[in-house]
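Listed here are the chains, written in short residue letters.
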Amino acid sequence: MIRTMVIQGPMTQISRDPLRTAWIHGDPRRVAYPTDSQGHFCGQKGTPNENKTILFYFNLFRCTSPSMMLKLQCPTTQICVSRCPEKFLTYLEMRFLNKKDKTQWEYYRQFCKATASPAKSLSDLLSRGDCPPAVYPSRPFLQRCLPDFSTINRTLIVGSRMQFDDGSGKSRNIIELREAANGIGKILDARTIGLKVFEDYTTTWKWILIGLTVAMALSWIFLMLLRFTAGFLFWVFMFGVLGIIGYGIWYCYVEYIGLQHKPQSAIMIYDIGIQTAINMIFHLKQTWFSMMIILCVIEAIIIIVLIFLRRRIRVAIILLKEGSKAIGYIPSTLVYPVVTFVLLSICISYWAVTAIFLATSGVPIFKVMVPEGGCIHEDETCDPEVFPETHIPVVCPGASCNFAFYGARSVYHEYIIVFQIYNLFAFLWLVNFVIALGQCTLAGAFASYYWAMRKPEDIPRYPLFLAFGRAVRYHTGSLAFGSLILASVQMFKVIIEYLDSRLKKAQNSVARFLQCCLRCCFWCLEKMVKFLNRNAYIMIALYGKNFCASTRDAFYLLMRNILKVAVTDEVTHFILLLGKILVSGIVGVLAFLLFTERLQEIVEGPTTLNYYWVPFLTLVLGSYLIAHGFFSVYSMCVETIFICFCEDLERNDGSAEKPYFVTPSLHRILTKKRPAPQRQRE
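Conventions and cut-offs
Once a new chain begins, its residue numbering starts again from 1 and follows that chain's sequence as written. Thresholds applied to this predicted model are a pLDDT of at least 70 for local features of residues and 80 or more for the giving and counting of side-chain atom pairs; totals over whole chains, interfaces and linings are not thresholded and use all residues. Side-chain calculation: all heavy atoms of the structure are included, whereas hydrogens and water are not. Working definition: helices are DSSP H or I runs of at least four residues, strands are E runs of at least two. Numbering for both runs from the N terminus. The buried label goes to any residue with under 20% of its type's maximum accessible area, the exposed label to any with over 50%, and the partly exposed label to all in between, with areas taken from a 1.4 Å probe on protein chains only. A contact between two residues is defined here by any heavy atoms of the two lying within 4.5 Å. To measure how exposed things are, a 1.4 Å probe is used in the Shrake-Rupley method; for residues, cover is taken only from the protein chains shown. When DSSP finds two or more bridges between a pair of strands, those strands are recorded as paired. How far a helix is expected to stretch is found by multiplying one less than its residue total by 1.5 Å. Here, the term disulfide refers to a pair of cysteine sulfur atoms separated by no more than 2.5 Å. By convention, a stacked pair of Phe, Tyr or Trp rings (six-membered ring in the case of Trp) has centres within 6.5 Å and planes under 30 degrees apart, an edge-to-face pair has planes over 60 apart, and any other such pair is tilted. Look at NZ for Lys and CZ for Arg. If either is within 6 Å of the ring centre and within 35 degrees of the ring normal, a charge sits over the ring. UniProt positions are given in the numbering used here, feature names are shortened, and annotations may be inferred rather than shown by experiment.

**What to know about the overall build of the protein chain**
(1) Moving on: Scanning the protein chain from N- to C-terminus turns up 21 helices and 12 strands.
(2) Moving on: Burial analysis of the protein chain (682 residues in total) assigns 46% to the buried set.
(3) Moving on: Put simply, of all contacts in the protein chain between residues at least 6 apart along the chain, 72% involve residues at least 24 apart.
(4) Moving on: In the form shown here, the protein chain has an accessible surface area of approximately 35,100 Å², with 64% of it arising from carbon and sulfur atoms.

Right under this line is the structure:
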């Protein structure tokens, strides 16, 4: 289905197999550890930086330049240091105002290049770039020296100051420094949080497994009950979901009221330092008030939808009962989501590892970086060892030769970005193919149930296995073609989202409006393609035609039964959505009470969590995915039965020669009339 990309032309054997080359020459350490402006790892054994594990930025204020957003690289010199500065100190104060104090130079030089020597003047310092113009109180954060922000009386400060000299004669304030630090911090937040998240997972993994097992058991119970008490279970779904969301609204309100009299809770999320934001977020009134509003909106939407769809719910319940019978005769279909999960996990793992190795294959590449821009030599490749002797620092004052990325001058490395796009597209294609294979397999199994005149006698043995074999042997090309179309649409969506995130600050209102329209159009197109593909796969399972013919037949069949389509796609899916929310909600409430130590009298849970919401959200999301896996089988079952029903009505007339295969109850509810008795039923 997916072939290796071949670039024609005179190139080495490496270039002809990009993914294999990436695995051979890539080095994931280049992503995990900070790299200085010379392309050396900080803290790497056997190098001069072995004891220097922290990255230090000469001028943080340059990290707010547009090139930071476009190139994901701060255009300032970066060196490895053993510790971060603890005080305010400018080079001017150290070198020219405190000449007699030699300890000042010894302290300051540890934040300079190894080859640095005292400058004769401030202009000489700035032109040579051997030392930072100033240092600020900092502390290590993700192995980077970032300003040590703190809050006193709701005022953000660094080292008891709000105003300070940046070392080049300019006065700076705390807001400018915070924006510069956030420019780096947004890229680095994940790692330190990841360490604490890992600790929480090691503490709560047993409880997470128990919670996911409970979610699986609840999903099984609900699916079994749907066959016998679908109507009653719908009311359980409805009131259960409304009750859980109502409990969430009440709890958010209680927390919000409890924080009213705490002054520190009035701080906005944006006003706190990047190192404390994650710890403070659930101690702010703004957080609980926002969550309460969101839950209120969700509650209102569900109530409004229930009011408008109240007349169609009875039809959906009949369809769910029929789907329950099919699943009862073919229980192996409930296991198939596990196969899909395993295949998707393989696809995701292969894509992620390949992307990392692609990004880290090559040698360090250095580029000319100018903070203010406008230099004719900007973004040119340079050599840091001879750069100070070239004419570029004279033509472009403030320019520096900094590490940019890993690559090389071979044809392979020139096409690294193309290979990353290729890898992403292959990932989307494979994921959609795995999902399509599952949909076609389930459709074939449930179709064998519907077209059996006597149930279960006429249902073939191992219908799921036979449907999977037919899909793999005869329909791989059709499934791959449908997946290719959907992957192409999703690829365009990814490109639009990437351009929007990279160029957000450079857009005007007209450009943002057009960008929003494009995103909306591609979102609608993706939904339409998914809907058509799903029904096309059902027709492929029924008749074995190619993708285009099946898509055409499915489209015309649905258009001839457009009113009935609204019942299956709106009401049935909405009821199943309520079931998914109820399963994840029940597990979520129990997890919340356990991880916040509100069930200590009943069961002793973990008490030393960094972020209690980490295992909580993991359980909620995991429970929803488990419920989605089970209920998606139900959804595919209902859609297949509906397509078969529409075909049944067009091919047969209910006579003895052409009897209906549909059950009388389903025929009566969908056609509003009672079929003539034509055959013996089970």
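Following the structure, the description resumes.
**Section: the pairing of strand β1 (residues 54–57)**
(1) Moving on: What you see with β1 is no split at all: Ile 54 and Phe 56 on one side and Leu 55 and Tyr 57 on the other are buried throughout.
(2) Moving on: Bridge analysis of β1 against strand β2 (residues 78–81) gives four bridges, and the strand direction is antiparallel. Opposite Ile 54, over in β2, you have Val 81 as the bridge partner.

**Topic: helix α11 (residues 336–359)**
Every α-helix winds through 3.6 residues per turn, so residues three or four apart in the chain are directed the same way.
(1) Moving on: Compared with an ideal rise of 1.5 Å per residue, which puts 24 residues at 34 Å, α11 spans 35 Å between its outermost C-alpha atoms and is within 8% of the ideal.
(2) Moving on: Those residues of α11 that sit buried are Tyr 336, Thr 340, Cys 347, Thr 354, Ala 355, Phe 357 and Leu 358.

**Digging into the state of the cysteines**
(1) Moving on: Under the definition given, this model contains four disulfides.
(2) Moving on: Each sulfur of the disulfide joining Cys 42 and Cys 80 lies 2.0 Å from the other. Handedness of the Cys 42-Cys 80 disulfide follows from its S-S torsion of about -80 degrees: it is left-handed. Highlighted residues: Cys 42 in the loop between α2 (29–32) and β1 and Cys 80 in strand β2, separated in sequence by 38 residues.

**Remarks on the packing of aromatic side chains**
(1) Moving on: Using the criterion set out here, one finds 27 aromatic pairs in the structure.
(2) Moving on: Ring plane angle 85 degrees and centroid distance 4.8 Å describe the contact between Tyr 251 and Phe 592, whose orientation is recorded as edge-to-face. Of the two residues, Tyr 251 is situated in helix α7 (residues 174–258) and Phe 592 in helix α19 (residues 562–595); the sequence distance between them amounts to 341 residues. Note on accessibility: Tyr 251 and Phe 592 belong to one class, buried.
(3) Moving on: Site record: aromatic cluster; members linked through ring pairs are Tyr 247, Trp 250, Tyr 251, Trp 288, Phe 592 and Phe 616.
(4) Moving on: A cation sits over an aromatic face here: Lys 87 above Tyr 107, 4.7 Å from the ring centre.

**Describing the UniProt feature "transmembrane region" (unreviewed entry) in the protein chain**
(1) Moving on: UniProt feature "transmembrane region" (unreviewed entry): in the numbering of this structure it lies at residues 207–226, 232–253, 288–309, 334–359, 427–451, 472–496, 571–595 and 611–631.
(2) Moving on: Split by type, residues 207–226 is 100% helix and 0% strand. Its first and last C-alpha atoms lie 28 Å apart.
(3) Moving on: In residues 611–631, helix accounts for 90% and strand for 0%; the two terminal C-alpha atoms are 31 Å from one another.

**Here's the deal with the environment of Lys 455**
(1) Moving on: Inspection of the secondary structure puts Lys 455 in the loop between α14 (416–450) and α15 (463–474).
(2) Moving on: On the accessibility criterion, Lys 455 (4% relative accessible area) is buried.

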